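# Structure assessment
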Amino acid sequence: TNTWSSKTAAQVLGSANSDFVPSVGYYHPFGGGRVVLWDSNGEVLIWNPSTNVWTDRTQAIRDAGLPDRFVPSVGYYHPFGGGRVVLWDEDSNVWIYNPSDGRWSDRTDEVHKVIHNDTGMPLNERIVAGYYHPFGGGRIVLWGENGRVLIYNPDAGRWSDRSQEIRDIGIPDNLVSI
């Protein structure tokens, strides 16, 4: 049976990281799979399952193209196009990691234009939660600060605003994610 357990940061992250408080986390399969945790200062710890150790990879991620000032508020992995990690910040800037070249790229304008063109979402609406799920061929789900729910369907190759459908199955009208 699976059970929940309560552990301190020091027990999970190791005593050297006991003050680390994650604010964004995601899994990606690159390099045999990793769990990545960010704190609100932009520091990054990555779990390596081969060594069973959390490692500070802040500088390595910055060296791969992510600006020093960038602090994500949303992060997720998706498998489309060979797999990507997508990070959004509080100002709706979007940076995407491409494993084929090992670099982060600012894709803010491109992502906002595509989503806006597909759904009509205002270009400056802040995304407060996002994730990938594998059901029905896989989808990316984004929650806007005003409760808007956007879903990317790779079969259709486009985003759709599914806010009303989500509410029809029981999500409250006034729900605003995190």
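A quick note: this is a predicted structure, and the numbers were derived from the prediction, not measured. (Residues numbered from 1 in each chain as written. Predicted model: local features only at pLDDT ≥ 70, side-chain atom pairs only at ≥ 80, totals over all residues. Heavy atoms only, no water.)

## Comments concerning the overall build of the chain
This is how it is decided: By definition, any uninterrupted DSSP run of H or I lasting at least four residues is a helix, any uninterrupted run of E lasting at least two residues is a strand, and each is numbered from the N terminus. The contact criterion used is simple: two residues touch if any of their non-hydrogen atoms lie within 4.5 Å. Using a 1.4 Å probe, accessible areas were evaluated by the Shrake-Rupley method; residue-level cover was limited to the displayed protein chains.
For the chain, the helix and strand inventory stands at four helices and twelve strands. Here the contacts in the chain between residues at least 6 apart in sequence split such that 32% fall between residues at least 24 apart. Roughly 10100 Å² of accessible area belongs to the chain as shown, and the carbon and sulfur atoms make up 48% of that amount.

## A short note on the confidence of the model for the chain
Keep this limit in mind: As a per-residue measure, pLDDT tells how confident the predictor is, with possible values from 0 to 100.
The pLDDT averaged across the chain works out to 87; a share of 87% of its residues lies at or above 70. No element of the chain has a lower mean pLDDT than helix H1 (residues 9-13), at 67, and none a higher one than strand E8 (residues 103-106), at 97.

## Description of the side chain of Arg139
Where we set the bar: Burial classification: accessible surface area is computed with a 1.4 Å probe over protein chains only, and a residue below 20% of its type maximum counts as buried, one above 50% as exposed, and the rest as partly exposed. Under the counting rule used here, the positive set is Lys and Arg, the negative set is Asp and Glu, and His together with the chain ends is not counted. Salt bridge criterion: a side-chain nitrogen from Lys or Arg within 4 Å of a carboxyl oxygen from Asp or Glu.
One can find Arg139 in strand E10 (residues 139-144). The side chain of Arg139 is buried and forms no salt bridge, while Asp155, the nearest opposite charge, is found at 4.4 Å. Arg139 has contacts with Phe80, Tyr131, Tyr132, His133, Ile151, Tyr152, Asn153, Pro154 and Asp155, leaving out every residue within four places of it along the chain.

## Overview of the sheet that holds strand E11 (residues 149-153)
What counts is decided by this rule: Here, a strand pair is defined by DSSP locating no fewer than two bridges between the strands. Comment: axis = line fitted to C-alpha atoms, over the contacting stretch for helices; angle = value between 0 and 180 degrees taken between N-to-C directions.
On the basis of which strands lie adjacent, the open sheet formed by four strands has the order E9-E10-E11-E12 and antiparallel pairing. For this open sheet the edge positions go to strand E9 (127-133) and strand E12 (158-161), each flanked by a neighbour on one side alone. Direction aside, neighbouring strands of the sheet carry axes that sit 20 degrees apart on average. With four bridges joining them, E11 and E12 adopt antiparallel strand pairing. Bridged to Leu150 within E12 is Asp161. Those strands touched by helix H3 (residues 108-119) are E10, E11 and E12, and its axis lies near 55 degrees from that of E12.

## Quick word on the side chain of Thr58
Along the chain, the position of Thr58 falls in helix H2 (residues 58-63). Given a relative accessible area of 15%, Thr58 falls into the buried group.

## Brief notes about the nonpolar core
Keep this limit in mind: Side-chain atoms within 4.5 Å link the members of a nonpolar core, which is a set of buried Ala, Val, Leu, Ile, Met, Phe, Trp, Tyr and Cys residues.
Formed by 17 residues in total, the largest nonpolar core has its most connected members in Tyr26, Trp38, Ile61, Leu66, Val85, Leu87 and Trp104. Among the secondary structure elements, those contributing two or more residues to this core are strand E1 (22-28), strand E2 (34-39), strand E3 (44-48), strand E6 (84-89) and strand E7 (94-98). Excluding its chain neighbours within four sequence positions, the residues that come into contact with Val85 are Tyr26, His28, Phe30, Tyr76, Tyr77, Trp95, Ile96, Tyr97 and Trp104. Counting 16 residues, the second largest nonpolar core, distinct from the first, contains Tyr76, Ile96, Val111 and Met121.

## Remarks on H3
Definition in use: Working rule for helices: expected span equals 1.5 Å times residues minus one. The directions considered for the arc are those from the helix axis to the C-beta atoms.
The first and last C-alpha atoms of H3 sit 16 Å apart over twelve residues, in line with the 16 Å expected at 1.5 Å per residue. Buried residues of H3: Thr108, Val111, His112, Ile115 and Thr119, and no others. The arc that holds every buried residue of H3, seen down its axis, measures 95 degrees, which confines them to one face. Along H3, exposed side chains directed more than 90 degrees from the buried face belong to Asp109, Lys113 and Asn117. On its buried face, H3 sits against E6, E7, E8, E10, E11 and E12. Following H3 by one or two positions, Gly120 has its phi on the positive side, about 80 degrees.

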